[in-house]
Amino acid sequence: MIKVTRSPELEEFAREGRRRFEAADTAWFEQTTAYGEVSSFGTAAEEQSRGRDGVLALTTDQIREMNEAAGLAITAPDDGHDDDEVIEAYRAGDAGWIITHGRFTFEDGSWVANRVVNIVIRDPDDGGWKSVLTSSQLLVPNELLTDGSPLRSAPET
């Protein structure tokens, strides 16, 4: 039987990742990223990194530059004051997943909801958690997907 349980350990892992990101601690990400065919997907179709080297090449500085170019900052709801309400983490044996609910906030104060899902596996060699997949999603209200929406692509002919 596989039993899924909430994981305070992985919730703290996510908070530590945020702190390390803000400190531009690339060594931490090198230690916590698996080898092989790991992947990272951003919110735009072209934002894809595959393989350890590709994922690690997307440095914290590059992510900051992309965000600044788009005129946004990544924040948690309510300015991130209550991390327990915006981070969910679960595990089943040596597999875990972390869901971070946040937002992209633009220079004018407007924002769009964002969700990041990170899949992690416990390393049998050192016991630490290693990221194997990260995916960032923009959350779009269904009413923005009606006929004529600029978010919809024209049918292929």
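Going by the structure above, here's the rest.
So, how was this worked out
- Residues numbered from 1 in each chain as written.
- Predicted model: local features only at pLDDT ≥ 70, side-chain atom pairs only at ≥ 80, totals over all residues.
- Heavy atoms only, no water.
- Pairing = 2+ DSSP bridges.
- Helix = DSSP H or I, 4+ residues; strand = E, 2+ residues; numbered from the N terminus.

Undergrad: What's the story with the pairing of strand E7 (residues 111–122) in this structure? I'm lost.
TA: By the bridge criterion, 11 bridges tie strand E6 (residues 95–106) to E7 in an arrangement that is antiparallel. Directly across from histidine 101, in E7, lies its bridge partner arginine 115. Hairpin remark: E6 followed by E7, antiparallel, with four residues in the connecting loop; positive phi at glycine 109, about 95°. Across nine bridges, the pairing between E7 and strand E8 (residues 129–138) is antiparallel. Bridge pairing links arginine 115 to glutamine 137 in E8. With antiparallel pairing between neighbouring strands as the criterion, E7 and E8 make up a hairpin whose turn holds six residues, including glycine 127 at a positive phi of roughly 80°.

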